[in-house]
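Take a look at the letters that make up each chain.
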Amino acid sequence: MSWNTLLFGVFPYIALTLAVAVTAYRMVYRPFSVSAQSSQLLEQKRLFFGSTAMHWGLVIVLLGHLLALLLPKGLLLWNAVPLRLYLLEITGLGLGLWALVGTYVLLTRRIAVARVRAASTAMDYLVLVLVFLSALTGVLTALLYRYGSYWFPAVMTPYLWSVFTLQPRPELVLDLPFWTKLHVFNFWLLLAVFPFSRLVHIVTVPLGYLVRPWQIVIWVRKLAR
């Protein structure tokens, strides 16, 4: 078995299994461990700027990847006009840089701020490093191998669908450049780490609040004489 098959044909299923099984276990048997464990009270300024940049940058970029996965022909049709292709590429690069800077701010915050550092775990650092590496390799791919929105539907979309349909075709990524392959593998690695980290809180949706009984909150205050 080649390294390419192991990393891009076998490991994705290990990552997907861990993501689903461990997340389900934590939500059912350890629900109180599913928490963002915010450090806002320990430091706010860096958290605001770093978190805003990282979250919004990554979310919009991921939505773009999802669009290429679900509507590859529509994306190619959009890119048929050069101006729209340039606009999409510049926007994607800008969002990637925004997320990269935000992740860097959050990582240095955990290292430099004593109170935040004292409340941090090894998993917190690992997740931030993986997210930073994902943003960095994405930006490098956009800079060194341009027009990713054009070749992504032709290469990555078939590869991802082959994994999701249990018919993996790791040979599709065999000839990709090093930074691009690192970007893809880092995604699977981040997915494998995801259920063991505080990131797992993003899959929780408080639907129970829609059907639970009303709760009446009564404030009891002692009147000053």
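Cut-offs and rules
- Residues numbered from 1 in each chain as written.
- Predicted model: local features only at pLDDT ≥ 70, side-chain atom pairs only at ≥ 80, totals over all residues.
- Heavy atoms only, no water.
- UniProt positions renumbered as here; feature names shortened; annotations may be inferred.
- Phe/Tyr/Trp six-rings, centres within 6.5 Å; stacked < 30°, edge-to-face > 60°.
- Helix = DSSP H or I, 4+ residues; strand = E, 2+ residues; numbered from the N terminus.
- Buried < 20%, exposed > 50% of the residue type's maximum accessible area, 1.4 Å probe, protein only.
- pLDDT = per-residue confidence, 0-100.
- Salt bridge = Lys/Arg side-chain N within 4 Å of Asp/Glu carboxyl O.
- 1 Å grid on protein atoms, 1.4 Å probe; cavity = no way out; pocket = protein on both sides within 12 Å on 5 of 7 lines; lining within 4 Å.
- Points joined across faces, edges and corners; volume = space filled by probe spheres on them.

As annotated in an unreviewed UniProt entry, the chain is Nitrate reductase gamma chain from Thermus brockianus. Among the UniProt annotations of the chain, the heading Subcellular location (unreviewed entry) holds the following wording: "Cell membrane".

**What to know about the packing of aromatic side chains**
Any two aromatic rings considered together are summarised by their centre-to-centre distance and by the angle between their planes. With the rule as written, the count across this model stands at eight aromatic pairs. Between the aromatic rings of Phe 11 and Phe 185, the centroid separation amounts to 5.3 Å while the plane-to-plane angle is 40°, which identifies the pairing as tilted. A residue pair is termed long-range when its members are at least 10 positions apart, and Phe 11 in helix H1 (residues 3-29) and Phe 185 in helix H8 (residues 178-193) qualify at 174 residues. Here Phe 11 falls in the buried class, since its relative accessible area comes to 17%. A ring pair is formed by Phe 178 and Trp 179, whose centres lie 5.2 Å apart and whose planes are at 70°; its orientation type is edge-to-face. By relative accessible area, which is 57% here, Phe 178 ends up exposed.

**Quick look at the confidence of the model for the chain**
In this model, the chain carries an average pLDDT of 88, and 90% of its residues clear a pLDDT of 70 or more. Helix H5 (residues 114-118) is the least confidently modelled element of the chain, averaging 88 in pLDDT, while H8 averages 96, the highest of any element.

**Overview of the pattern of salt bridges**
Should their charged atoms come close, side chains of opposite charge can pair. Going through the model one piece at a time under the given rule, you end up with two salt bridges. Asp 124 is the partner of Arg 198 in a salt bridge, and the nearest nitrogen-oxygen pair spans 2.9 Å. Here Arg 198, found in the segment after H8, pairs with Asp 124, found in helix H6 (residues 122-144); they are 74 residues apart in sequence, far enough to count as distant. Just as Arg 198 is buried, Asp 124 falls in that class too. Between Arg 169 and Glu 171 there is a salt bridge, with its nearest N and O atoms 3.5 Å apart.

**Examining the layout of surface pockets**
What the second largest pocket holds in volume is close to 170 Å³. Every residue along the wall of the second largest pocket is listed here: Arg 26, Arg 30, Ser 33, Ser 35, Gln 37, Thr 121, Met 123, Asp 124, Pro 195, Phe 196, Ser 197 and Arg 198.

**Examining the UniProt feature "transmembrane region" (unreviewed entry) in the chain**
Mapped onto the present numbering, the UniProt feature "transmembrane region" (unreviewed entry) falls at residues 6-26, 47-71, 83-107, 127-147 and 187-211. Taken end to end, residues 6-26 is 100% helix and 0% strand, and its first and last C-alpha atoms sit 28 Å apart. The straight-line gap between the two end C-alpha atoms of residues 47-71 is 35 Å; of that span, 96% is helix and 0% is strand.

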